[in-house]
Amino acid sequence: MTPDVSKPETALQLAAELQSGRRDAVSLVEASLTAIENHEDSKIFVSVGEARARREAKAAATRLAAGRPASLLDGVPVAWKDLFDLTGEVTAAGSKLLRDTPPAAADAAVVQRLRDAGMVSLGRVNMTEFAYSGLGLNPHYGTPRNPLAKDVVRIPGGSSSGSGAAVAAGLAPISIGSDTGGSVRIPAAFNGLVGYKSSHGRYPMQGVFPLSTSLDTLGVLCHSVLDAALVDAAMCGRLAPAFQRRSAEGLHLIVPENVVFERAEPDVIAAFEATLARLAEVGVTSERRRVPQIDAFFALNAAHGTLIAAEAYALHAERLAGPQVADFDQRIVQRLRLGEAMSAADLVHVRDTRARLIAEMAAELGPNCMLAYPTVAHVAPPLEPLLADDDLYVETNLLTLRNTMIGNFLNFCGVTLPCGRDRNGMPIGFLLSAAHGHDEAVLAAALAVESKVTAAMNVA
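The rules behind each value
- Residues numbered from 1 in each chain as written.
- Predicted model: local features only at pLDDT ≥ 70, side-chain atom pairs only at ≥ 80, totals over all residues.
- Heavy atoms only, no water.
- Core = buried A, V, L, I, M, F, W, Y, C linked by side-chain atoms within 4.5 Å.
- Buried < 20%, exposed > 50% of the residue type's maximum accessible area, 1.4 Å probe, protein only.
- Helix = DSSP H or I, 4+ residues; strand = E, 2+ residues; numbered from the N terminus.
- Contact = heavy atoms within 4.5 Å.
- Polar contact = N/O pair within 3.5 Å; in protein donor to acceptor, adjacent residues only side chain to side chain.
- pLDDT = per-residue confidence, 0-100.
- Arc of directions from axis to C-beta.
- Expected span 1.5 Å × (residues − 1).
- Bend = angle between axes of the 7 residues up to and from the residue.
- Axes fitted to C-alpha atoms, helices over the stretch in contact; angles between N-to-C directions.
- Parallel < 35°, antiparallel > 145°, perpendicular 65-115°, else oblique.
- Left-handed = near helix turned anticlockwise from the far one by under 90°.
- Pairing = 2+ DSSP bridges.
- Salt bridge = Lys/Arg side-chain N within 4 Å of Asp/Glu carboxyl O.

### A word on the nonpolar core
A general trend in soluble globular proteins is that nonpolar side chains are found buried together. With 127 residues, the main nonpolar core has Phe84, Ile176, Leu253 and Phe430 as its most contacted residues. The dominant element in this core, judged by the number of residues it contributes, is helix α15 (residues 439–453), at nine residues. Excluding its chain neighbours within four sequence positions, the residues that come into contact with Leu253 are Leu276, Leu279, Val284, Thr285, Ser286, Glu287, Met370, Ala372, Phe430 and Leu432. Residues Ile36, Val125, Ala169 and Leu171 belong to the second largest nonpolar core, which totals 17 residues.

### What to know about the side chain of Ser212
Within the secondary structure, Ser212 is located in the loop between β5 (194–197) and β6 (217–222). The class of Ser212 is buried, set by a relative accessible area of 0%. Looking at Ser212, its side chain comes within polar contact range of the side chain of Glu311, at 2.5 Å. In this view, Ser212 contacts Thr180, Leu307, Ile308 and Glu311; residues no more than four positions away in its chain are not counted.

### Description of the confidence of the model for the protein chain
Of the residues in the protein chain, 98% have a pLDDT of 70 or more, and the chain-wide mean is 97. Put simply, helix α11 (residues 330–337) is where the protein chain has its lowest mean pLDDT, 96, and helix α6 (residues 185–190) is where it has its highest, 99.

### Thoughts on the environment of Glu311
Along the chain, the position of Glu311 falls in helix α10 (residues 307–321). Along the primary structure Glu311 and Ala31 are separated by 280 residues, whereas in three dimensions their C-alpha atoms are 42 Å apart. Among the polar contacts listed, one links the side chain of Glu311 to the side chain of Ser214, at a separation of 2.5 Å.

### Describing helix α1 (residues 11–20)
For an α-helix, 3.6 residues make a turn, and residues three or four places apart therefore share a direction. Within α1, burial applies to Ala11, Leu14, Ala15 and Leu18. Across the axial projection of α1, the buried residues extend over an arc of 100°, all falling on one side. Packed against the buried residues of α1 are α2 (25–38), α3 (50–65) and α7 (225–235). Positive phi appears at Gly21, one or two residues downstream of α1, with a value of about 85°.

### Examining α10
With 15 residues, α10 ought to run about 21 Å at 1.5 Å a step, and its terminal C-alpha atoms sit 20 Å apart, in line with that. When the local axis directions of α10 are compared, the greatest deviation, roughly 55°, occurs at Leu315. Of the residues making up α10, those classed as buried are Leu307, Ile308, Ala309, Ala310, Glu311, Ala312, Tyr313, His316, Arg319 and Leu320. Those residues of α10 hidden inside the fold are in contact with α11 and α12 (344–364).

### Focus on the packing of α11 against helix α14 (residues 390–409)
Their axes nearest at 12 Å, the elements α11 and α14 cross at an angle of 60°. The orientation of α11 with respect to α14, classified from their angle, is oblique. α14 is crossed by α11, and the crossing has right-handed handedness. Residues Arg331, Ile332 and Arg335 of α11 form the contact with α14, whose own contacting residues are Asp390, Tyr393, Asn397 and Leu401.

### Brief notes about the sheet that holds strand β8 (residues 285–289)
An order of β1-β3-β2-β4-β6-β5-β10-β11-β9-β7-β8 is seen for the eleven strands of this open sheet, with the pairing classed as mixed. The open sheet has two edge strands with one neighbour each: β1 (45–48) and β8. Within the sheet, the average angular offset between the axes of one strand and its neighbour, ignoring direction, is 30°. Of the pairings in the sheet, the one linking β1 to strand β3 (residues 120–125) comprises three bridges and is antiparallel in character. Following the sheet pairing, Phe45 is matched in β3 by Val125. Across the face of the sheet, α14 comes into contact with β4 (175–179), β5, β6 and β9 (369–374) while running at roughly 155° to β9. Sheet strands in contact with α15 are β5, β9, β10 (413–421) and β11 (427–434), and its direction is about 10° off that of β10.

### Points about the packing of α10 against α12
For the pair α10 and α12, interaxial distance at closest approach is 10 Å and the crossing angle is 130°. Here α10 is positioned oblique relative to α12, judged by the angle of their axes. Seen along the crossing, α10 lies across α12 with a hand that is left-handed. Contacts between α10 and α12 involve Leu307, Ala310 and Glu311 from the first element and Leu347, Val350, Arg351 and Arg354 from the second.

### Some thoughts on the pattern of salt bridges
Applying the stated criterion across every chain yields a total of 28 salt bridges. A salt bridge links Asp232 to Arg238; the nearest nitrogen and oxygen atoms lie 4.0 Å apart. Here Arg238 falls in the partly exposed class, since its relative accessible area comes to 30%. Notably, a salt bridge pairs Lys452 with Glu281, separated by 3.0 Å at the nearest N-O pair. Of the two residues, Lys452 sits in helix α15 while Glu281 sits in the loop between α8 (266–280) and β8, which places them 171 residues apart along the sequence.

Structure below.
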């Protein structure tokens, strides 16, 4: 069975087939395993858990046949970024350095929750080493190719590179990633997917390899907003989403006139503007103005250093000081060392200022008022030039992360939706961001506008 990338099945569609008996959970997982094995890109999955997948699929089939599904998602496959603990497997976090660590004694908390919901784990997918880049390159396990690129080999985005490629290639309907500076939303945008980044602290983080504990969040890469909402509910330990459907009318969008459009590709700007026009047709209002908290964030970084660099450096300082440093991706080493120079006074100032900016944004935004701007200022770039040129890698990585990392620092939750394509057919993302804790509101808003935002994806 070769997946049809042009007509991907959503998790909800698969769930309906399973619940009705028109499809069997065991045959579904066998088809998934065969597709993974036969897929031309062997760099997407770093390990495939055939035995576990078959065992979980058999249990799901038994429940479904008896009319006692664990949840609506019972029997639906899911792929995990290689920083979630899976019982009996090594969590390598995209690095050579962790290959010889003991296997996990238990599933990560969120893995357990999706297992309780009956979802079937296919295995672990590739990622940037230690989740510290937005491009998705990995010299240890190889770099997955963007499945939608038809002209040249292009990057998948990172750090959840395998998650984006696996879902876009039709190998899994759902993949769970992490997002510390954009690592769910970037690969979702580059691969034409829906990407949902949760609020910080929404899920338990036990068994998830960290990068920056102040900024780390988890998220879902999938084909529809409803899929994201269903998986979010399961990851929260609920059987169903906790929000009511709403209309698009009454939603108000703030479009920042700050840095988010600087150096944006013309096709990205055109797709964003066309999307705003379509949303206006269904009663969505918008205003364009500077958002001072965004300016304050970038000024703070320039003057005092970044919170992510400080916390990532602290996590890896011992490895960086010893012989293990030779086994790192050296580009990741360069980024990690940026946190070494940050003083305690700088760190305290950054954290205090961050708390103030978050409070200001929370007072300004609400369930009917959100930010909207391009997820990334450009489409997925070609891979080869980034492999060959360190300076280009650094420049491109910073530009790729620029728009999404605003949301991590200001503690937003958000959903990126595919809103169009550039002249080479590469997808473009439209990002909705809401204040911390408004996850149900941003999912409901994204669901309400989804058909209008994604309408241009069906235009040849």
